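Listed below, chain by chain, are the residues.
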Amino acid sequence: MQLHFNAISEPGKPGTKWQRLYKTHWPAYKNWLKSKGTANYPDLKTSQAALKKYMPEMWLTYQRLCKLAKGDKIAARFLTGFQPPAYISGCSQAVTTGKDIQLVRNYDFHPDLMEGTQLLTCWNKKKVIATSDCLIGVVDGMNDDGLAVSLTFGGRKEVGVGFGIPFILRYVLEFCSNVDEAVAALKRIPSHMSYNVTVVDKTGKFRTVQLAPDKTPVITDASFTTNHQGIVDWPENAAFNKTLERSSFLKKMLSVKNVSSNQVADAFLKAPLYNTKFKEGFGTLFTSVYRPLEGKVILRWPGTSVVQTFDNFQEVYRLINYKQAKVTPELWKQEVVETIKTVEDPFEDQTSQNLDWQESITEIMVNAMAQAHPSTNERELENLRGKIIDNGEVSWQAVAGFWSKMGSEYTDSWSS
């Protein structure tokens, strides 16, 4: 699988380069919208009213983009960012402060669903370097005031009334200069799904905001996030993307005395933070490293990188080849063993008591059986679920039986 990555500089109002991107990517977005149906989408008038209400400063930029889109009404509604279709990504992110202020993150998604564009813009007096999404939005970025922002999926199914998170992050970078201003914006603008948004500025101040469509935003001083918000609300998703394992890894790494920002950044290119389930939509498409004090952005892949600054932004192209992990019984078994190592070392925060890790382990094993033995039917898988969790407790006898079907390599470690 491949990604055609382009770094593009248009440091002024949106113009011909953005229009070229629009012509390239809009057909795919339009097909996406069509495939999801339109029954629950607000009309253009409602969407524009929401944009004016919550992000009025974006109105002039929005109008210019609509003009470049040649008045396409479907595009005009989409570009408001209001109530887009639901979609799920993975992602991990962490902040380091002190001598080196850094925000580093992995973006985990399907290669076919990424624009592959890093944009330098100056739409509203601030220069912004960001990874583009939804044509107008961003999934991470930094402005020339030294404010950096990125997101991870919050691990919840709920979809409500609000804006897609890439549109909100674009607004933050366009109009906020520091963490306090960014937090105020994130609290005020409704998000239609659950996300963890981390912001850091060049003073070293940082916050992580837990956004949800059905809850009041929660402001935290968490220096790292994966794909849950305190508790696991969606066990199947948590099992698939290993959010608990990644969270535990980040917690342990950041607690090491004198761990350097370079060590932290390098860890994002290795398991368990780096993921290779590209076909399943959970592969690490890129690693972003933001350094506010230096005004530097580094996009990294195994074997190559692109380094940019606001004063020296280079238009470059990279062809990124992704290596899909082979699904084998051994790989699944190792995944379960590593997850058990995580959950057997209890989280120390107050929310750890609510983490239903048993269900996460169950889903990993059920998925393992389904992948390793495609002939296994749904009744057998459901029977496996019931045996593993017996009266609310993990049945280690059932787990040992599971391993006997998968292979005996790890049976002793489970039954002991």
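**Considerations on the layout of surface pockets**
- For the second largest pocket, the calculated volume is near 350 Å³.
- Of the residues forming the lining of the second largest pocket, the biggest block, six residues, is contributed by helix α1 (residues 16-36).
- In terms of residue class, the lining of the second largest pocket is made up of eight nonpolar, two polar and four charged.

**Brief notes about helix α3 (residues 59-68)**
- Residues of α3 that are buried include every one of Trp59, Thr61, Tyr62, Leu65, Cys66 and Leu68, and no others.
- Buried residues belonging to α3 abut α1, α2 (44-54) and α4 (73-79).
- One or two positions beyond α3, positive phi appears at Lys70, with a value near 60°.

**Some details on helix α5 (residues 165-175)**
- With 10 of 11 residues buried, α5 lies mostly within the body of the structure.
- Among the residues of α5, Ile165, Pro166, Phe167, Ile168, Leu169, Arg170, Tyr171, Val172, Leu173 and Glu174 are the ones counted as buried.

**Structural notes on the packing of aromatic side chains**
- Counted according to the given criterion, the structure contains 18 aromatic pairs.
- Seen in terms of ring centroids, Tyr54 and Phe163 are 6.0 Å apart; in terms of plane orientation they differ by 80°. Their pairing is edge-to-face. Taken as a pair, Tyr54 in helix α2 and Phe163 in the loop between β7 (148-153) and α5 lie far apart in primary sequence, 109 residues in all.
- Residue Tyr54 is classed as partly exposed on the basis of its relative accessible area of 22%.
- Accessibility expressed as a relative area gives 0% for Phe163, which makes it buried.
- An aromatic cluster of at least three residues, connected via ring pairs, comprises Trp18, Tyr22, Trp26, Tyr29, Trp32, Phe78, Tyr87 and Phe167.
- The lysine or arginine in question, Lys52, covers the ring of Trp59, its NZ or CZ lying 4.4 Å from the ring centre.
- The side chain of Arg170 reaches across the aromatic face of Trp123, ending 4.2 Å from its centre.

**A short note on the sheet that holds strand β10 (residues 218-220)**
- As summarised here, the arrangement of the nine strands in space is β10-β9-β8-β7-β6-β5-β4-β1-β16, forming an open sheet in which the pairing is mixed. Strand pairing shows two members of the sheet lacking a second neighbour, β10 and β16 (317-321), which therefore form its edges. Neighbour-to-neighbour, the strand axes of this sheet turn through a mean angle of 20°, independent of strand direction.
- Bridge count for β7 against strand β8 (residues 195-200) is six bridges, and the pairing is antiparallel. Bridge assignment links Ala148 to a residue of β8, and that residue is Val200.
- Along the sheet, α1 contacts β1 (2-10), β4 (117-121) and β5 (128-133); its crossing angle with β1, the most-contacted strand, is approximately 150°.

**Brief notes about the environment of Val179**
- Tracing the backbone through its elements, the reader meets Val179 in helix α6 (residues 179-188).
- Once the C-alpha coordinates of Val179 and Val149 are considered, the two residues, 30 residues apart in sequence, prove to be 9.4 Å apart.
- Every residue in contact with Val179, bar those within four places of it in the chain, is listed here: Leu147, Val199, Val200, Asp201, Lys205, Phe206 and Arg207.

**Observations regarding the pattern of salt bridges**
- Here the structure, examined in full by the defined rule, presents 12 salt bridges.
- Taking the shortest distance from any N to any O, the salt bridge between Asp140 and Arg105 comes out at 2.6 Å. Here the residue Asp140 occupies a position in strand β6 (residues 137-143), and Arg105 occupies one in strand β3 (residues 102-109), the gap between them amounting to 35 residues. The two residues Asp140 and Arg105 agree in class, both being buried.
- With a closest N to O distance of 2.8 Å, Glu174 and Arg170 form a salt bridge. Highlighted residues: Glu174 and Arg170, both in helix α5, separated by four residues, approximately one helical turn.
- For Glu174, a relative accessible area of 1% translates into the label buried.
- Sharing partners across several salt bridges, the network here consists of Arg156, Glu158, Asp214 and Asp233.

Procedures and definitions
Residues numbered from 1 in each chain as written. Predicted model: local features only at pLDDT ≥ 70, side-chain atom pairs only at ≥ 80, totals over all residues. Heavy atoms only, no water. 1 Å grid on protein atoms, 1.4 Å probe; cavity = no way out; pocket = protein on both sides within 12 Å on 5 of 7 lines; lining within 4 Å. Points joined across faces, edges and corners; volume = space filled by probe spheres on them. Helix = DSSP H or I, 4+ residues; strand = E, 2+ residues; numbered from the N terminus. Nonpolar A, V, L, I, M, F, W, Y, C, P; charged D, E, K, R; others polar. Buried < 20%, exposed > 50% of the residue type's maximum accessible area, 1.4 Å probe, protein only. Contact = heavy atoms within 4.5 Å. Phe/Tyr/Trp six-rings, centres within 6.5 Å; stacked < 30°, edge-to-face > 60°. Lys NZ or Arg CZ within 6 Å of the ring centre and 35° of its normal. Pairing = 2+ DSSP bridges. Axes fitted to C-alpha atoms, helices over the stretch in contact; angles between N-to-C directions. Salt bridge = Lys/Arg side-chain N within 4 Å of Asp/Glu carboxyl O.

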